[in-house]
Amino acid sequence: MFLGLYNKGMKILLVGSGGREHALAWKMAQSPLCSKLYVAPGNPGIAQVAECVAIGVEEIDRLAQFAVSEKIEFVVVGPEAPLVAGLADRLREQNIPVFGPSAKAAQLEGSKGFMKDICRKYNIPTAAYERFSEIAPAHTFIDKLGAPIVVKADGLAAGKGVVVAETVEQAKDAVSDMLSGNAFGDAGASIVIEEFLDGEEISYFAICDGENLLTLSSAQDHKRAFDGDKGPNTGGMGAYSPARLMTPAMEAEVLEKILKPTVSAMKSEGCPFTGVFFAGLMVVNGVPKLLEYNVRFGDPECQTLMLRLKSDLVEMLFAAATGKLDTVKPEWSTNPSLCVVMAAKGYPGSYQKNTSIRNLDAAGKVSNAQIFHAGTALKNGEIVAVGGRVLGVSATGETVAAAREAAYKALGLIDWPEGFCRRDIAWRAL
Ligand code: AMP
Ligand code: GLY
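Now for a look at the structure at hand. Fair warning: this is a prediction, and the values are worked out from it, not measured in the lab.

### Focus on the state of the cysteines
Okay, step 1: Applying the stated criterion to the full structure yields zero disulfides.
Okay, step 2: As a non-bridged cysteine, Cys339 has Cys302 as the owner of its nearest cysteine sulfur, 9.9 Å distant.

Encoded structure:
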């Protein structure tokens, strides 16, 4: 097959440093198609399976230079920011295959207004909405729709640009904050106001080579900081896969009504999409509607997907990057997986840094468990916490309950008094 050309293995660069990238690196390093894996900038967990390179994810010039000078044969981009900033375009100009969309196609995540306009134009089911850049008409629209109602900054806002307002007043305050430029700067200079959808959220993943679509699998995230879905929104405190509501019938509906129309929409708009579609879905009375697109894998959803993927990840992503996705078919373990995020106490607000984490080796030896690093660093031979979300303690099992037991068993061995986690990951499935 076409990868025969590369059967000596490729030099690959993965961009990113989170738990998502540790899971991707862990899986990619197992591939016979990978002869050397660099990760920029990586983290101490990633350093166990790859060579870390001290270049930040937003240093587009340096990343492109590194890829050229090291004769990198394939680049996989983890986070959204470098994609929106045009890293994939830069690499393609150098004829380096890259898994990740062009800057223009990355607008699906980079501009909520762009994504909503695509949905409207191509009849993709999503919440009713309007776009605004002036306060007065936005307030009038809020009065018309009533609360609850959702106000979103148009641009990237590190997951904090969405206000689900319980009252009309809250919504109007959010509008004023965003449009007066106080909150989110340029990212909030334009906003989307949309209908509140009441339902259950699912994350669904598919990869695309511009033309062909390959569906992967589903997961369910836990966005609130504390047990019982209480507390502030976070980047995700844990996930399990597959999501309990994702039946084959619903997968077919998402494919036909949401994903396929998006692939052809992106082609028609002159920006065919290469990379991963992360569809944030709200299931309302059994019907999936698109809340948002991300153009990267979810974190911690990716950790749960990688634990279930039996096939070669490099083969799949490289096929997507080179227009040959019709040649691969992934195999998944039927066993579910689960990831519990350990975060620094105080996250998503302010938290202490450089606290010591001990006993990770013992925890990693728990049967069926895998520990992915996110915000960790190595200082004087010791692993310390340097970020908000710090570890993704993950496991598989014959049932969700068994996976959960293994993950919490491993977590119980980790000695990090300054960390916390949710105790109820996958509660909906149990
Ligand atoms: P987004 O970044 O668009 O996914 O929004 C972040 C979170 O806000 C989502 O994961 C949902 O929990 C919530 N959210 C966004 N849009 C809506 C909506 N139209 N109705 C209800 N909740 C929403
Ligand atoms: N876990 C949700 C996200 O990655 O955006």
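### Overview of the site of ligand 2
Okay, step 1: Around ligand 2, the neighbouring residues are Asp221, Gly235, Phe278, Arg296, Gly298, Asp299, Pro300 and Glu301.
Okay, step 2: One nitrogen or oxygen atom from the main chain of Gly235 is found 3.0 Å from a nitrogen atom belonging to ligand 2.
Okay, step 3: Between ligand 2 and Glu301, the relevant distance is 2.8 Å, taken from a nitrogen atom to a side-chain nitrogen or oxygen of the residue.
Okay, step 4: The fraction of the free accessible surface of ligand 2 (200 Å²) that becomes covered by protein chains is 88%.

### Observations regarding the sheet that holds strand S8 (residues 162–165)
Okay, step 1: With antiparallel pairing, four strands are arranged side by side in an open sheet as S6-S9-S7-S8. What marks the edges here is a single partner per strand, and that holds for strand S6 (129–132) and S8. For this sheet the average axis-to-axis angle between neighbouring strands, irrespective of direction, equals 20°.
Okay, step 2: Of the strands in this sheet, S6, strand S7 (149–153), S8 and strand S9 (191–195) touch helix H6 (residues 112–121), which is tilted by about 140° from S6.
Okay, step 3: Running over the sheet, helix H7 (residues 135–145) touches S6, S7 and S9 and is turned about 10° from S9.

### Some points on the environment of Val76
Okay, step 1: Looking at the element boundaries, Val76 is found in strand S4 (residues 74–77).
Okay, step 2: Looking at Val76, the relative accessible area reads 1%, which means it is buried.
Okay, step 3: Sequence spacing of Val76 and Ile118 is 42 residues, and the spatial spacing of their C-alpha atoms is 26 Å.
Okay, step 4: Dropping the residues within four chain positions of it, Val76 is found in contact with Leu13, Leu14, Val15, Met28, Phe99 and Leu317.

### Structural notes on the nonpolar core
Okay, step 1: Membership of the largest hydrophobic core comes to 49 residues, with the highest contact counts inside it found for Val75, Leu290 and Tyr293.
Okay, step 2: Looking at which element gives the most residues to this core, the answer is helix H9 (residues 248–268), with seven residues.
Okay, step 3: Those residues within four positions of Val75 in sequence are excluded, and the remaining contacts are Leu13, Val15, Ala67, Leu91, Ile96, Pro97, Val98 and Phe99.
Okay, step 4: Counting residues in each nonpolar core, the second largest holds 41 residues, with Ala23, Ala320, Val328 and Phe372 among its members.

### Notes on the sheet that holds strand S18 (residues 355–356)
Okay, step 1: Spatially, S18-S21-S20 is the arrangement adopted by the three strands of the open sheet, whose pairing is antiparallel. Strand pairing shows two members of the sheet lacking a second neighbour, S18 and strand S20 (376–379), which therefore form its edges.
Okay, step 2: As defined by bridge partners, S18 adjoins strand S21 (residues 382–385) across two bridges and the pair is classed as antiparallel. Bridge pairing links Thr355 to Ala385 in S21.

### Some words on the site of ligand 1
Okay, step 1: Among the 15 residues in the neighbourhood of ligand 1, the closest are listed as Lys152, Glu194, Leu197, Glu201 and Glu292.
Okay, step 2: Glu194 is positioned such that a nitrogen or oxygen atom in its side chain is 2.7 Å from a nitrogen atom of ligand 1.
Okay, step 3: With respect to ligand 1, the side chain of Glu292 contributes an N or O atom lying 2.6 Å from an oxygen atom.
Okay, step 4: When ligand 1 sits alone it has 470 Å² of accessible area, and the protein chains cover 89% of it.
Okay, step 5: Residue assignment for the shell around ligand 1 shows that the elements contributing at least two residues are S7, S8, S9 and strand S16 (287–294).
Okay, step 6: Counted by class, the shell around ligand 1 contains eight nonpolar, no polar and seven charged residues.

### Quick notes on the pairing of strand S15 (residues 274–284)
Okay, step 1: Burial of S15 is extensive: 11 of the 11 residues sit out of reach of the surface.
Okay, step 2: By the bridge criterion, 10 bridges tie strand S10 (residues 200–209) to S15 in an arrangement that is antiparallel. Its bridge partner lying in S15, Asp209 is registered against Thr274.
Okay, step 3: Alignment of S15 against S16, held across seven bridges, turns out to be antiparallel. Across the sheet, residue Met282 finds its bridge partner in S16, namely Lys289.

Cut-offs applied
Residues numbered from 1 in each chain as written. Chains lettered and ligands numbered in written order. Predicted model: local features only at pLDDT ≥ 70, side-chain atom pairs only at ≥ 80, totals over all residues. Heavy atoms only, no water. Disulfide = S-S within 2.5 Å. Near = heavy atom within 4 Å. Polar contact = N/O pair within 3.5 Å; in protein donor to acceptor, adjacent residues only side chain to side chain. Areas by Shrake-Rupley, 256 points an atom, 1.4 Å probe, with all protein chains shown as cover. Pairing = 2+ DSSP bridges. Helix = DSSP H or I, 4+ residues; strand = E, 2+ residues; numbered from the N terminus. Axes fitted to C-alpha atoms, helices over the stretch in contact; angles between N-to-C directions. Contact = heavy atoms within 4.5 Å. Buried < 20%, exposed > 50% of the residue type's maximum accessible area, 1.4 Å probe, protein only. Core = buried A, V, L, I, M, F, W, Y, C linked by side-chain atoms within 4.5 Å. Nonpolar A, V, L, I, M, F, W, Y, C, P; charged D, E, K, R; others polar.

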